[in-house]
Amino acid sequence: MTTPTEAAAPPPPNNLVGLAILAAVAGLGVALATAATTQTVGPLTFGFVFLGWILAVMAHEFGHAAVAYLAGDHTVREKGYLSFDPRRYGDLGTSLVLPLIALALGGIGFPGGAVWLRHDLMRSPAWRAAASLAGPAGTLVVLLVLAFALSLWSRAALPGPLFDAVALLAFLQATALILNLLPIPGLDGFNAIRPFLPKRWGPALRKAEGLGLLILLAALFLLPGFGGLLFGLAAELATALGVPREAIVRGFDAFQFWR
């Protein structure tokens, strides 16, 4: 997600944070591949998917920042958005707590993270729209990479707990992609339209952005049929790219190991 306002300057980024998460994901992957008991598969799947989700959010937000830099907003480098540190992308509530709740309760790739872009520094409305769409493009790239890996994997070896965890992570990218492209204030789909809207709408839109994510989360869990429609579209997209639906189901069952 992006916003046209500028946040306070964060502390210097530390690439070791992202590398540590990457190492943890790799370690959990090895543990899943060699898991000897079914009792350990659930917690390992939860950790693998959640930390993998953080890496995917980093790819999403890096996409925003990289295109914004090309568009003329060079402040993204100063803010650490072009680094490998997930702490640069948003705050504890929107980047960690809400996505974790959505993942744990519903297996939904809820939008998380935010880069604060200077839209006034970008060269044109088209560039501002491109910077907004670059995040979903990053999510799509992650989805394609995971789907391609699963396709090769299924031909070379039998699926197992790690395969199922990767399939669930791919499905979450599909849900995140669809959600982010919705034309709702605060989401990338709306931010891609916003540069072409009348400027006098700005104050009202900024107020709507603060409630957009909460309304979306409520709709997913409380509005009949909305969550099912989302899951159906995401499942169709993931399976069309070669992600086995049965592996997604197994991965989700393992992810919610407390049930």
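Computed from a predicted model, the values in this text were never measured in an experiment. Numbering of residues starts from 1 in every chain and runs along the sequence as written. Local features in a predicted model are, by the rule used here, given only for residues with pLDDT of at least 70; side-chain atom pairs are given and counted only at 80 or more, and totals for whole chains, interfaces and linings are based on all residues. The basis for every side-chain value is the complete set of heavy atoms in the structure, and neither hydrogens nor water enter the calculation.

## Structural notes on the confidence of the model for the chain
As a reminder, the rule being used: Every residue carries a pLDDT, the predictor's confidence in it, which falls somewhere between 0 and 100. We call two residues contacting when some pair of their heavy atoms lies within 4.5 Å.
Confidence in the prediction for the chain averages 87 pLDDT; 88% of positions are at 70 or higher. Below a pLDDT of 50 lies the segment residues 3-7, which in the model reaches 15 contacts outside its immediate sequence neighbourhood of four places, other chains included.

## Overview of the side chain of aspartate 73
For clarity, the threshold we go by: A run of H or I in DSSP counts as a helix once it spans at least four residues, and a run of E counts as a strand once it spans at least two, with each numbered from the N terminus. Each residue is placed in one exposure class: buried if its accessible area under a 1.4 Å probe, protein chains only, is under 20% of its type's maximum, exposed if it is over 50%, and partly exposed if it falls in between. Counted as positive: Lys and Arg. Counted as negative: Asp and Glu. His and the chain ends are not counted at all. Salt bridge, as used here, is a side-chain nitrogen of Lys or Arg placed within 4 Å of a carboxyl oxygen of Asp or Glu. Any pair of nitrogen or oxygen atoms within 3.5 Å is treated as a polar contact; in protein, a donor-acceptor pairing is required on top of that, and neighbouring residues in sequence qualify only through side-chain atoms on both sides.
If you trace the backbone, aspartate 73 turns up in the loop between helix 2 (38-71) and helix 3 (75-78). Buried charge without a salt bridge: aspartate 73, with lysine 79 as the nearest opposite-charge side chain at an N-O distance of 4.9 Å. Within polar-contact distance, the side chain of aspartate 73 engages the side chain of threonine 75 at 2.4 Å. Dropping the residues within four chain positions of it, aspartate 73 is found in contact with Ala68, Leu117, Arg118, Leu121 and Met122.

## Focus on the nonpolar core
Selection rule: The definition of a nonpolar core used throughout is a set of buried Ala, Val, Leu, Ile, Met, Phe, Trp, Tyr and Cys residues joined through side-chain atoms within 4.5 Å.
In terms of nonpolar packing, the biggest core is built from 54 residues, with Phe48, Val49 and Val243 touching the most fellow members. Counting only elements with at least two residues in this core, the list comes to helix 1 (15-33), helix 2, helix 5 (125-156), helix 6 (161-180), helix 9 (226-240) and helix 10 (245-255). It is helix 2 that provides the largest number of residues to this core, a total of 16 residues. The contacts of phenylalanine 48, once residues within four sequence positions are left out, are Val25, Leu28, Gly29, Leu32, Leu162, Ala165, Val166 and Leu169. Leu179, Leu213, Leu216 and Leu220 belong to the second largest nonpolar core, which has nine residues in total.

## Brief notes about helix 5
Note that an α-helix has 3.6 residues per turn; residues three or four places apart therefore point the same way. As a reminder, the rule being used: A helix is expected to span 1.5 Å multiplied by its residue count minus one. Across the chain, bend at a residue is computed as the angle between axes fitted to the seven residues ending at that point and the seven starting from it.
Over its 32 residues, helix 5 runs 47 Å from end to end, which matches the ideal 46 Å to within 8%, given 1.5 Å per residue. When the local axis directions of helix 5 are compared, the greatest deviation, roughly 30°, occurs at alanine 134, which is followed within four positions by the proline proline 136.

## With respect to the pattern of salt bridges
On inspection of all chains with the given rule, the structure shows five salt bridges. Where arginine 118 meets aspartate 120, a salt bridge forms, and the shortest distance between an N and an O atom there is 2.7 Å. Judged by its relative accessible area of 53%, aspartate 120 is exposed. When the shortest N-O distance is used, the salt bridge between arginine 250 and aspartate 164 registers 2.9 Å. Of this pair, arginine 250 sits in helix 10 while aspartate 164 sits in helix 6, and the two are 86 residues apart along the sequence. Residue arginine 250 is classed as partly exposed on the basis of its relative accessible area of 37%.

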